[in-house]
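If you want the building blocks of each chain, they are given just below.
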Amino acid sequence: MNNSIAKTPFVSRVRQRLQRLFGAWGVFFKGFLKHPVMVGSIIPSSAATVTKMLEPVHWDKCDLFVEYGPGVGTFCRPVLERMKPDATLVVIDLNPDFIDYLRKTIGDSRFYAVHGSAADVQQIIRDLGHEKADYVLSGLPFSTLPDQLGPKIAKETYDVIRPGGAFLVYQFVKKARDYMAPHFDQIDNGYSLWNILPCHLFWGWKSK
Ligand SMILES: C[S@@+](CC[C@H](N)C(=O)[O-])C[C@H]1O[C@@H](n2cnc3c(N)ncnc32)[C@H](O)[C@@H]1O
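Structure report, in brief. Within every chain, residues take consecutive numbers counted from 1 along the sequence as written. In keeping with the model being predicted, local features are shown solely for residues with a pLDDT of at least 70 and side-chain atom pairs are shown and tallied solely at 80 or more, while totals for entire chains, interfaces and linings include all residues. Side-chain calculation: all heavy atoms of the structure are included, whereas hydrogens and water are not.

By definition, any uninterrupted DSSP run of H or I lasting at least four residues is a helix, any uninterrupted run of E lasting at least two residues is a strand, and each is numbered from the N terminus. Its location among the elements puts Leu80 in helix H5 (residues 76-82). Any two residues whose heavy atoms approach within 4.5 Å at even a single point are treated as in contact. Filtering out sequence-adjacent residues up to four positions away, Leu80 remains in contact with Leu89, Ile106, Asp108, Arg110 and Phe111.

Following this line, the structure appears as structure tokens:
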């Protein structure tokens, strides 16, 4: 490339974005190779899935947003972009490499990355000074979680969400819906075709 073009702000912005994208994908893929069952996917969710999943969220009424299984942060930046300046995003992942990566790459005072299990969500948010979450988002591979962990996470999540809040779930198969059904009063269904692989979307609402 001609040297003067290569130095334009546009080209350096594109280069930074590509480096960020492929850097994140590399970290994600490495995570998959190390823990295929826990990660459950070879590449992060698509922008179309992120937009569709977050659409029903009432951001003006969201003080605490929790995410399970953030991986390399595909949802974290879009959530932070939409959140109020005084709201908080807590993300919980079992993989310490992902948590390290998120802590190094997301410098936002509203963001907390916790190494732990989604099953301990109540204790984790209490330790950070919160009682209830407004929304919980999950990218967990529910169908490959160890026995009884899926139902436990669904129950803990229902308990941690405030009345009027919601549990947002995306998954390649419908297993998560079975775990949500005993608790959530209303479950809306969607589908994201523009994802590898296409995935089911569920919004479980807790009545007011
Ligand atoms: C399919 S990846 C989701 C990646 C990311 N959210 C995305 O949209 O690209 C699943 C993630 O769940 C994490 N995970 C698996 N079991 C977990 C658990 N019990 N608690 C918290 N995170 C867990 C994995 O480490 C991995 O980061």
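Strands sit in the order E3-E2-E1-E4-E5-E7-E6 across an open sheet of seven strands; the sheet is mixed. Where the open sheet ends on each side, the last strands, each with one partner, are strand E3 (111-115) and strand E6 (186-192). When strand polarity is set aside, the average angle formed by the axes of neighbouring strands in this sheet is 15°. We call two strands paired when DSSP finds no fewer than two bridges between them. Bridge analysis of strand E2 (residues 88-93) against E3 gives five bridges, and the strand direction is parallel. Its bridge partner lying in E3, Val91 is registered against Ala113. To define axes, lines are fitted to C-alpha atoms, for helices over the stretch in contact only, and angles between the resulting N-to-C directions are given on a 0 to 180 degree scale. Its contacts with the sheet place helix H4 (residues 47-54) against strand E1 (64-68), strand E4 (133-138), strand E5 (161-171), E6 and strand E7 (199-205), and it is angled at close to 20° to E7.

We count a salt bridge whenever a side-chain nitrogen from Lys or Arg sits within 4 Å of a carboxyl oxygen from Asp or Glu. Going through the model one piece at a time under the given rule, you end up with six salt bridges. Note that Arg110 and Asp108 form a salt bridge whose closest N and O atoms lie 2.9 Å from each other. Note on classification: 1.4 Å probe, protein chains only; a residue is buried when its accessible area is under 20% of the maximum for its type, exposed when over 50%, partly exposed between these limits. Overall, Arg110 belongs to the buried group, its relative accessible area being 14%. A salt bridge links Asp178 to Lys175; the shortest N-O distance between them is 3.8 Å. Of this pair, Asp178 and Lys175 both sit in helix H9 (residues 175-180), three residues apart, which is roughly one turn of the helix. Using a relative accessible area of 49% as the deciding quantity, one classes Asp178 as partly exposed. Taking the relative accessible area as the measure of exposure, Lys175 reaches 33% and is therefore partly exposed.

Positionally, Lys34 belongs in helix H2 (residues 9-34). According to the relative accessible area criterion, Lys34 is exposed, its value standing at 54%. Sequence separation of Lys34 and Asn95 is 61 residues, and the distance between their C-alpha atoms is 9.8 Å.

A few words on the nonpolar core. Definition of nonpolar core: a set of buried residues of the types Ala, Val, Leu, Ile, Met, Phe, Trp, Tyr and Cys, connected through side-chain atoms within 4.5 Å. In this structure, Phe65, Leu89, Phe111 and Leu168 are the most contacted members of the largest nonpolar core, which totals 35 residues. Not counting residues up to four positions away in its chain, the partners in contact with Phe65 are Leu54, Val57, Trp59, Val79, Met83, Thr88, Leu89, Val90, Tyr135, Leu137 and Leu168. Judged by nonpolar contacts, the second largest core, of 28 residues, contains Leu64, Ile153, Ile161 and Ile187.

The next thing to look at is the site of the ligand. Nearness of a residue to a molecule or strand requires only that one of the residue's heavy atoms be within 4 Å of it. As a matter of local geometry, the ligand sits amid 25 residues, with Val39, Ser45, Gly69, Asp93 and Tyr170 nearest to it. Here a nitrogen atom of the ligand and a backbone polar atom of Gly69 are 2.8 Å apart. In this structure, a nitrogen atom belonging to the ligand sits 3.0 Å away from a main-chain N or O atom of Ala118. Protein chains shield 97% of the accessible area of the ligand, which is 610 Å² for the free molecule. Under the convention adopted here, Pro, Cys and the residues Ala, Val, Leu, Ile, Met, Phe, Trp and Tyr are nonpolar, Asp, Glu, Lys and Arg are charged, and Gly plus all remaining residues are polar. Here the residues of the shell around the ligand are counted per class, giving 14 nonpolar, nine polar and two charged. The definition of a polar contact used here is a pair of N or O atoms within 3.5 Å, where within protein one atom must be able to donate a hydrogen and the other to accept one, and adjacent residues in sequence count solely through side-chain atom pairs. Method for areas: the Shrake-Rupley scheme with a 1.4 Å probe, in which residue coverage is limited to the protein chains shown.

Nothing here speaks to function; it is all geometry.
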